[in-house]
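Here are the chains, one letter per residue:
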Amino acid sequence: MFRATTASLCACHRLRLLPSTGAYSNGTLVSSSLAENQQTVSTLYDLSVDIRKVRKFKSWVLFESPTYARETAGLLQDMGADTACVARVLEAHPEAILCRPEDVAAQRDLWATVCPNQRELLGIVEKFPASFFAVSNHANQLDNFRYLQSLRLSKRVIGKLMASAPQSFSRPVRRNQEVIHTLRETYLDLGGHEGNLRVWLQKLLSQNPYIMLRPAEAWRDSLGFLHDRGFTTEQLLQLVSSLRACISEMEPATMQQAMDYTQAALDCSGEELRGIVLRCPALLYYSVPVLAGRFSGLMDAGLTPEQVREAPNVLELTTQIVTYRISKLASYGYDVRAGSLDVIVGTKKDFEASYGRLKLRTERPLFNPVAPLRCSEE
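This structure is a prediction, so every number in the text was calculated from the model and none was measured.

**Q** Help me out: how do you make sense of the packing of aromatic side chains in this one?
**A** The geometry of an aromatic ring pair comes down to the distance between the two centres and the angle between the two planes. Inspection of the entire model under this criterion finds four aromatic pairs. Aromatic pair Trp111 and Phe132: ring centres 5.4 Å apart, planes at 80°, arrangement edge-to-face. Here the residue Trp111 occupies a position in helix α5 (residues 101-114), and Phe132 occupies one in helix α7 (residues 129-132), the gap between them amounting to 21 residues. Both residues of the pair, Trp111 and Phe132, belong to the buried class. What links up through ring pairs into an aromatic cluster is the set Trp111, Phe132 and Phe133. One Lys or Arg, Arg294, reaches over the ring of Tyr286 and ends 4.8 Å from the middle of that ring.

**Q** Help me understand helix α11 (residues 173-189), please; the structure alone is not making it clear to me.
**A** Along an α-helix, residues three or four apart share an orientation, since each turn contains 3.6 residues. For α11, which comprises 17 residues, the first-to-last C-alpha distance of 24 Å matches the rise-based estimate of 24 Å (1.5 Å per residue) to within 8%. Turning to α11, its buried residues are Asn176, Val179, Ile180, Thr182, Leu183, Thr186 and Tyr187. Down the axis of α11, the sector holding all buried residues measures 155°, keeping them to one side. Tucked into the core, α11 has its buried residues touching α8 (138-150), α10 (166-170), α12 (197-207), α13 (216-228) and α14 (233-242).

**Q** Whenever I open this one, the packing of α12 against α14 confuses me. Can you help?
**A** Helix-helix packing is described using two parameters, namely the angle between the two axes and the distance between the axes. The geometry of α12 relative to α14 is characterised by a closest axis approach of 10 Å and an angle of 40° between their N-to-C directions. As summarised for this structure, α12 and α14 are arranged oblique, according to the angle between their axes. Together, Trp200, Leu204 and Gln207 of α12 and Leu237, Val240 and Ser241 of α14 make up the contact between the two elements. Looking at the contact of α12 with α14 residue by residue, the class counts come to four nonpolar, two polar and no charged.

About the thresholds
Residues numbered from 1 in each chain as written. Predicted model: local features only at pLDDT ≥ 70, side-chain atom pairs only at ≥ 80, totals over all residues. Heavy atoms only, no water. Phe/Tyr/Trp six-rings, centres within 6.5 Å; stacked < 30°, edge-to-face > 60°. Helix = DSSP H or I, 4+ residues; strand = E, 2+ residues; numbered from the N terminus. Buried < 20%, exposed > 50% of the residue type's maximum accessible area, 1.4 Å probe, protein only. Lys NZ or Arg CZ within 6 Å of the ring centre and 35° of its normal. Expected span 1.5 Å × (residues − 1). Arc of directions from axis to C-beta. Contact = heavy atoms within 4.5 Å. Axes fitted to C-alpha atoms, helices over the stretch in contact; angles between N-to-C directions. Parallel < 35°, antiparallel > 145°, perpendicular 65-115°, else oblique. Nonpolar A, V, L, I, M, F, W, Y, C, P; charged D, E, K, R; others polar.

Okay, structure coming up:
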């Protein structure tokens, strides 16, 4: 799922000139006698941009000079943007008007190599304008693009990296080469096959583009901790894959606390605990307060530790969701406390499918051909 980029990465920023009212520097109100660039304001009005939004969130942009509002709008229109789309982009990322037209054109050409469809590209720009208008390190972006292409990664994966994790594209290519080397060594050390490396790597980068920003030491620390807890290399490879590489974002101390709490709450052995974690890897990154709250909610609902051991993924659900699903099933005569929790785990779509089958079974019982016919007597 794409994450929204909040930091402005536009290199064409000049020194930020603060307005006389509502301007802040390091949290302090700053006075200035400078006036807004009226040509910029007038052009934005002509482009149907809501100036109030710009003044509220990025007022400093209106004090910059020179600006390229009309040129930026023209480039977006050439890509197929209508008036409303142009306005949305400039309202969301007004810094775009500070970028030189030739820099934006070069950026468009680079992005078009991974997304040749103009309509789709425009949709990405509208959703991630800060990433698209991050033109400061175009040379680094080009080097990183060529490097990832050399790995035979799909255009879709490269495009997702460019949109959701632009920082990884703006930095020197050697940094990304180090990360890819670490991922490759991790995969092979854990028993993965060279022939499957590209597919595995592509899947990880697609699911979690931010792993490119994680240092190699984080991988080693997390994997070393889990190995010390008894996980085999095969199990570690399974965890790295199922956790979408989030394992590099986990602190050993946090995982230790989560595992210790889970083992005590479910009253299981170390081997049983490892099996539970493999079925529900999310347990590794939940904090103890979260786990305790959810486990307590399950017990209050009348469930047992044994049921949770059999379906540990139920701990991925909030207490409110569990309570709702239990009551929903009870309305059709299904008592979760007397059966398996598998029927309530999973996504909303999964539950609706299970619930639908129970509902259908209740409303349309199976026809029994040998049952006696029942006729109402007159």
